[in-house]
Structures are given as C-alpha cells and as structure tokens.
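Results of the structural survey
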Amino acid sequence: MRLLLILALLAFTADGYRIALPGYHYRFPFDQGSHDDYQSEWWYYTGHLFSGSHEWGYELTFFRIALQPPSAQKQTSRWSASQIYLAHLALTDVNGHIFNHWEKLNRPGIDTAGADTGHLHVYNDGWTATDTPSGDMKLHADFLDLTLHSAAPAVVHGHDGISVKGPGTSNASHYYSYTHLQTTGSLSGEPVTGTSWMDHEFGSSQLSPHQAGWDWFALQLDRGTDIMLYQMRDDHGHSDRYSSGTLVQGNQITPLHAADVHIEPRGHWKSPHTGGNYPMGWTVTIPSHHMTFNVTPLLDDQELVSRTGAGPTYWEGTAKVDGSLGAGRAYVEMTGYAGKVSL
C-alpha cells in the first residue's frame, strides 16, 4: 500500500499535473482524444500533396495547454478558463516557392475550441480533426479538406510507454504516430492525393532547464520505410543523450538511440523575420542499419512566426530525401533557434 501511495504521488508534478511515467498502456481510439490531466498536448499533421505536377506541403496542428491542473479548477465565472487552445496551419507551394501560415488562439467553448476525450475530435474556430466510424481521420481548415487512412496501427515511440526527453522525472511524454497515412481530398477545391504523418504527444514539463530546443525529422521513403528522429539540443547547441528515434519497416519497429544516429547540417539559413540562424540541409546516417540520407528543404523560408505572441516561433517545412533507400519526402521541425522553447 505504501508503494502504491508513493507511486501515486510521483505521478504528478509539484503543480498537480500528471506526468508521463513508464508502464503506460495505450488504448485506441481512446488515446486519440484529449488527456486533460497533463499540462500540454498536441495533435500534429504534416504531409505532401500532389495534383498533377504541382506539389504542396502542409501542416495542421492543434495544441491544448492547461492553465491550471484539474484538481485546482474552479468555475468561478462564466468567463473563467482552465485551458487554452492554439492551432497552426501552414502551406508550402513548392512549385511557386511560396510559404504561408495562419494561427488561431481561443479559450474553450462548444462552438469555439476544445478537444473531446475518448476519441479524436479536436477543433479551433472552424478548423477540425475528427475520427470516422471506419477509423479514418478527417481534417478541415478553411481551404483544406483531407481524409487520412492508415493501413498500419499506430507506432509507439520510446520504451515502456514513454518517450524520454531529459534527465528529470517529468522530462518525458507519451508519444505515438501514424507514419504513413494515405491522403485524399481537396486544396482550394482542387483534388489532391498524397501522404501524411500524424503525431500525438501529451505530457507535462518535457524539457529540462538546460535544453534549448529540438530538431525533429519525419522521413517517408518511397520504398515504404518511415523514420522518426528527434535531436534534443542543450544551451550550447549540442545534441544531448536524450535524442532518439524510431525506424519503421513494415511491421518491424526498431527504437533508435542517440548513439545510433548522426545528423550533420550541410548549411545554414538566417531568418529575415526573426534573425534565427537555422541549419538548412542535413546528412543523416544510421550506421547500425547501413543507412545514409540527404535531407534537403524544398524552400528555405518555412518559418512560422507567431503573430499573437502566445505561440512558439519555429521552422517547420517540407523537404526531399535521397539516400541508400532511394528517394522520398520529409517534414522537419526546428525549435529554439529564434528564442528558447519552454514546454
């Protein structure tokens, strides 16, 4: 009984939020919904869309950030809020070399913003991500209407139910992905097809005080291999030992550790918007699997600069992949180059 009590107390931060601990057992479709006991959560969609010879990259992301833990929430007025919801939409016109992004920031409300528990239904001022009876996912955001289908189950990252990001007990998340979603739909009324990637993470206080940000890669190779990599960076810009990833080859899921992966930038790009100095182009090697890839952004300027000041500024963009397993596409996210990220 004493051990159970200790474990129960350790399951929450000092502020009262639940933290991501080993031994978590995922349940689907339940875990596609919101987890309000945790301080932060996001549903992340990126992908590559095609119509004839025209190509676009897209990102649609929904964030839930708790303002106070459930145990402290008291409805003192009709205007009080325990959560805030952010959403980001970005579109890269590869042929036209044009990048645009939009954001929404709202308090919860039935017709405004929120996230259901128990199944996928996330919304923010008309933008939505929902599940269907068939198990597909549907995305809608202004000019974007997509149906996403996965022939494979979710890929759980990390070990024993958690993805460790740092040295502290709370520096972890529950993290899974659908790495290869067949995508159909329309963009501004024009039919498109392509491939998408979905990430879902939830946890509390993922970064340690000495971590400045991360570089994240979602590689989708034409021959069917998918690779997720994240490189955690310290205050000096060096990759730390909590970097990791996952190699997906059909039904074979292989965790990758920091020592398994080498990521070397081939150049840099200085943002004219924020002054952030971002790596731009990478050589990725996984020696234990005899793999080498060159990841090249299809447009340098794919930086999302928050207009509200409430969200983070980061670089997130579409890229091409060439290497030992042939060609493919990727999405890359870089945080902490235009100001430290705090999560």
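Just above, that's the structure.
Bear in mind that the values here come from a model prediction, so they are computed numbers and not experimental data.

Rules used in this analysis
Counting starts from 1 at the beginning of each chain's written sequence and moves along it residue by residue. Residue-level local features of this predicted model are given only where pLDDT is at least 70; pairs of side-chain atoms are given and counted only at 80 or more, and the full residue set underlies all totals for whole chains, interfaces and linings. Note that water and hydrogens are dropped before the side-chain values are worked out from all heavy atoms of the structure. Starting at the N terminus, helices and strands are each numbered in turn, a helix being any DSSP run of H or I of at least four residues and a strand any DSSP run of E of at least two. Exposure categories follow from relative accessible area, calculated using a 1.4 Å probe and restricted to protein chains: below 20% of the type maximum is buried, above 50% is exposed, and the middle band is partly exposed. The contact criterion used is simple: two residues touch if any of their non-hydrogen atoms lie within 4.5 Å. Computed with a 1.4 Å probe, the accessible areas rest on the Shrake-Rupley method; for each residue, only the protein chains presented here act as cover. At least two bridges found by DSSP between two strands are what make those strands a pair. Salt bridge, as applied in this entry: a Lys or Arg side-chain nitrogen positioned within 4 Å of an Asp or Glu carboxyl oxygen. Between rings of Phe, Tyr and Trp, where Trp is taken as its six-membered ring, a pair exists when centres lie within 6.5 Å; planes separated by under 30 degrees are stacked, by over 60 edge-to-face, and by other angles tilted. A 3.5 Å cut-off defines polar contacts: any pair of N or O atoms within that distance qualifies, except that in protein one atom must be a possible hydrogen donor and the other a possible acceptor, and neighbouring residues in sequence count only when both atoms are side-chain atoms.

Observations concerning the overall build of the protein chain
Of regular secondary structure, the protein chain possesses one helix and 25 strands. Out of the 343 residues belonging to the protein chain, those deemed buried represent 52%. For the protein chain, long-range pairs separated by at least 24 residues make up 56% of all intrachain contacts whose partners lie at least 6 apart in sequence. If you sum the accessible surface of the protein chain, you get close to 15,200 Å²; carbon and sulfur atoms cover 54% of it.

Thoughts on the pairing of strand 15 (residues 225–234)
Taking burial as the measure, the 10 residues of strand 15 include nine buried ones, the bulk of the element. Bridge count between strand 14 (residues 211–221) and strand 15: nine bridges; the pairing is antiparallel. In the sheet register, G213 faces strand 15, and the bridge partner there is R233. The loop that links strand 14 with its antiparallel partner strand 15 comprises three residues; one of these, G224, has a positive phi angle of about 110°. In this sheet, strand 16 (residues 244–249) lies alongside strand 15 in antiparallel orientation, the contact comprising six bridges. For Y230, the partnering residue across the bridge sits in strand 16 and is S244.

Observations regarding the pattern of salt bridges
Going through the model one piece at a time under the given rule, you end up with seven salt bridges. For the salt bridge of E55 with R329, the shortest nitrogen-to-oxygen distance reads 2.8 Å. Taken together, the residues span a long stretch of sequence, with E55 in strand 2 (residues 54–66) and R329 in strand 25 (residues 326–335) at a distance of 274 residues. Of the charged contacts, one joins E201 and K165 as a salt bridge, the two residues approaching to 3.1 Å between their closest N and O atoms. One end of the pair, E201, is in strand 13 (residues 190–203); the other, K165, is in the loop between strand 11 (163–164) and strand 12 (172–187), with 36 residues separating them in the sequence. Judged on exposure class, the residue E201 and its partner K165 are both buried. Through salt bridges with shared partners, one network takes in D36, E41 and R64.

Re the environment of D111
Position of D111 among the secondary structure elements: in the loop between strand 4 (98–106) and strand 5 (113–115). Sequence separation between D111 and Y123 is 12 residues, and the spatial gap between their C-alpha atoms is 8.8 Å.

Focus: the packing of aromatic side chains
By the definition in use, this model includes 15 aromatic pairs. Each ring, one from Y44 and one from F63, has its centre 6.3 Å from the other, and the planes form 85°; the classification is edge-to-face. Here the residue Y44 occupies a position in strand 1 (residues 40–51), and F63 occupies one in strand 2, the gap between them amounting to 19 residues. The exposure class of F63 is buried, given its relative accessible area of 12%. When the centroid spacing of 5.3 Å and the interplanar angle of 65° are considered together, the rings of W102 and F143 count as edge-to-face. Residue W102 is found in strand 4, and its partner F143 is found in the loop between strand 8 (137–141) and strand 9 (144–149); the two are separated by 41 residues along the sequence. Each member of the aromatic cluster is reached from another via a ring pair, and the members are Y24, Y26, F28, Y38, Y176, Y178 and F202.

Points about the pairing of strand 2
For strand 2, the tally of buried residues reaches 11 of 13 residues, placing the bulk of the element in the interior. Direction of pairing for strand 1 relative to strand 2: antiparallel, over a ladder of 12 bridges. Its bridge partner lying in strand 2, S51 is registered against H54. The turn linking strand 1 back onto strand 2 is made up of two residues, and G52 within it adopts a positive phi angle of 60°.

Remarks on the side chain of H88
Relative to the assigned elements, H88 resides in strand 3 (residues 83–93). For H88, a relative accessible area of 3% gives the class buried. Side-chain polar atoms of H88 contact the side chain of Y314, separated by 2.8 Å. Beyond its immediate stretch of four places on either side in the chain, H88 contacts E59, L60, T61, F63, W102, E103, W127, L304, P312 and Y314.

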